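Structure assessment
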Amino acid sequence: MPKHAAALILVALLALAGPARAADEDPWPDLKTAIFGDKAVADGSAFMRVEAPQRAYDAAVVPVTVRFDGGHMPGRIRAVTLVVDKNPAPVAAVFRLGDGIADPTIGTRVRVNEYTSIHAVAETEDGSLFMAATFVKAAGGCSAPVTKTPDQAEAHLGEMRTKNLDAAQIGEPSRVELLIRHPNYSGMQMDQIKRTYVPARFIESIEVSYDGTKLLQVEGNISLSENPMVEFSFTPTETGRLSATATDSDGAVFTEAWPVPATM
């Protein structure tokens, strides 16, 4: 698998280039080969599933959760690749899971450009690949205007906050949301005042750690929604600090850290 999500985007787009596709043609076989080469991708429905609304309320902010049944997993999950098959940039994100992750279940929000399957491919410690998918009815998410003007977005660019961290307990698995204020411009959106397209600028990587132990690395692109969110689980072993660093495609770096309370 290519190292960075940007490379995955490129190979996926190249795979889909060429003669025009029929509207009902399934892009997944070509995408699978472009992203994972000739590696076998087995059915993972016995232990993983992709949860998303069948008909999305807002195509620009579609919640997706890749959920795992720990009792049936064939091994430790080390990475999850999320693919929105018919998006201009199909590989929405690659989530690389560190040793500190308590449960490989991952949540995020994506843009959906047209009715499409969403695939999740999990990679285990031994390199085996497993797949699950769902179908979402939504359209126009990649070109939908963001909620803030460029000036308004710039004023709070990169600000981060967490949800549910205050409920974390020492020695107990804790589910946390990390939210980053960023317009995640797709390059397909029009500035409604200037009537010009806003250049693409998006969160390219996120790294999360707990007291120096890596929890999660995310490689993202324009298919992640405005104000990207990632939900994950970890088990605090002692009072410490949860740290996050995000880098966008313009090279801007944002960092934040939060104390983890020692509730027993």
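The preceding data block contains the structure.
First, a word on scope: everything that follows refers to the structure included in this document. (Residues numbered from 1 in each chain as written. Predicted model: local features only at pLDDT ≥ 70, side-chain atom pairs only at ≥ 80, totals over all residues. Heavy atoms only, no water.)

**Some words on the overall build of the protein chain**
Convention followed: Working definition: helices are DSSP H or I runs of at least four residues, strands are E runs of at least two. Numbering for both runs from the N terminus. Here the globule rule is a power law, 2.2 Å times the number of residues to the power 0.38, and the radius of gyration is based on C-alpha atoms. For each residue, the accessible area found with a 1.4 Å probe, counting protein chains only, is set against the maximum for its type, and the residue is called buried under 20%, exposed over 50%, and partly exposed in between. In what follows, a contact means two residues having at least one pair of non-hydrogen atoms within 4.5 Å. All accessible areas in this document rest on Shrake-Rupley with a 1.4 Å probe, and a residue is counted as covered only by the protein chains that are shown. Counted as positive: Lys and Arg. Counted as negative: Asp and Glu. His and the chain ends are not counted at all. One atom stands in for each charge, and that atom is NZ of Lys, CZ of Arg, CG of Asp or CD of Glu.
Along its length, the protein chain carries three helices and 15 strands. Relative to the compact-globule value of 18 Å for 264 residues, the protein chain shows a C-alpha radius of gyration of 18 Å, a close match. Principal-axis analysis of the C-alpha atoms gives the protein chain an extent of 60 × 45 × 30 Å. Per-residue burial over the protein chain gives 49% buried out of 264 residues. At a minimum sequence separation of 6, the contacts of the protein chain that also span at least 24 residues come to 69%. For the protein chain, the exposed surface amounts to about 12,200 Å²; the carbon and sulfur share of it is 52%. Charged side chains in the protein chain number 24 positive and 33 negative. The centres of these two groups are separated by 3 Å.

**Brief notes about the sheet that holds strand E3 (residues 62-68)**
Put simply, the rule is: When DSSP locates at least two bridges between a pair of strands, those strands are taken to pair. Between N-to-C directions, angles cover 0 to 180 degrees, with each direction set by a line fitted to C-alpha atoms, over the stretch in contact for helices.
The six strands lie next to each other as E2-E3-E6-E13-E10-E9, forming an open sheet whose pairing is antiparallel. Looking at which strands have only one partner, the edges of the open sheet turn out to be strand E2 (48-51) and strand E9 (160-163). Taking each pair of neighbouring strands and ignoring which way they run, the sheet shows an average axis angle of 20°. Looking at chain direction, E2 and E3 are connected through four bridges and run antiparallel. By the bridge assignment, arginine 49 is partnered in E3 with arginine 67.

**Brief notes about the sheet that holds strand E7 (residues 116-124)**
In spatial order, the strands read E1-E8-E7-E4-E5-E12-E11-E14-E15; together these nine strands make up an open sheet with mixed pairing. In the strand order of this sheet, the two ends are held by strand E1 (41-43) and strand E15 (253-260), each with one partner. This sheet shows a mean twist of 20° between the axes of neighbouring strands, independent of strand direction. Of the strand pairs in this sheet, strand E5 (residues 91-97) and strand E12 (residues 213-220) are connected by five bridges, and their pairing is antiparallel.

**What about the nonpolar core?**
Just so we agree on the cut-off: Definition of nonpolar core: a set of buried residues of the types Ala, Val, Leu, Ile, Met, Phe, Trp, Tyr and Cys, connected through side-chain atoms within 4.5 Å.
Residues Phe95, Leu178, Leu216, Phe232 and Leu242 are the most contacted members of the largest nonpolar core, which totals 53 residues. With residues up to four places along the chain from it excluded, the contact list for phenylalanine 95 reads Arg78, Ala79, Val80, Leu82, Ile106, Thr108, Leu216, Gln217, Val218 and Val230. In this structure, Ile35, Phe36, Val83 and Val94 belong to the second largest nonpolar core, which totals 10 residues.

**Observations concerning helix H2 (residues 28-36)**
Threshold: Within this analysis, the arc is defined by the directions that extend from the helix axis to the C-beta atoms.
Those residues of H2 not exposed but buried are Trp28, Leu31, Ala34, Ile35 and Phe36. One face of H2 carries all of its buried residues, which in axial projection span an arc of 165°. Two residues or fewer after H2 comes glycine 37, characterised by a positive phi angle close to 65°.

**Observations regarding the pairing of strand E8 (residues 129-136)**
Judged from the three bridges that link them, E1 and E8 form a sheet pairing that is parallel. Bridging across to E8, aspartate 43 finds its partner in methionine 131. The pairing of E7 with E8 spans eight bridges and is antiparallel. Residue pairing in the sheet places glutamate 123 in a bridge with leucine 129 of E8. In this structure, the hairpin formed by E7 and E8 is closed by a connection of four residues, where glycine 127 is found at a positive phi of approximately 90°.

**Quick notes on the layout of surface pockets**
Under the convention used in this document: Of the two site types, the cavity is a set of points on a 1 Å grid over the protein atoms alone where a 1.4 Å probe fits but cannot get out, and the pocket is an open set with protein on both sides within 12 Å along at least five of seven lines, each lined by residues with an atom within 4 Å of a point. Grid points are joined across faces, edges and corners, and a volume is the space filled by probe spheres set on the points. When residues are grouped by polarity, Ala, Val, Leu, Ile, Met, Phe, Trp, Tyr, Cys and Pro land in nonpolar, Asp, Glu, Lys and Arg in charged, and all others, Gly among them, in polar.
As a volume, the largest pocket reaches approximately 320 Å³. Along the walls of the largest pocket sit 17 residues, with Thr149, Pro150, Asp191, Gln192 and Val198 positioned nearest its centre. For the lining of the largest pocket, a count of residues per class yields nine nonpolar, four polar and four charged.

**Topic: the packing of aromatic side chains**
The test is simple: Note on aromatic pairs: the rings of Phe, Tyr and Trp (six-membered ring only in Trp) are paired at centre separations within 6.5 Å, and the planes decide the class, stacked below 30 degrees, edge-to-face beyond 60, tilted for the rest.
Scanning the entire structure with this criterion turns up four aromatic pairs. Put simply, the rings of Phe47, Phe68 and Phe130 touch in pairs and so form one group of aromatic residues.

**So, unusual backbone geometry**
Positive phi outside glycine occurs at asparagine 164, with the angle close to 80°. Checked against the element boundaries, asparagine 164 lands in the loop between E9 and strand E10 (174-180). Among the residues examined, asparagine 164 registers a relative accessible area of 40% and is labelled partly exposed.

All quantities given are derived from atomic positions and should not be read as evidence of function.
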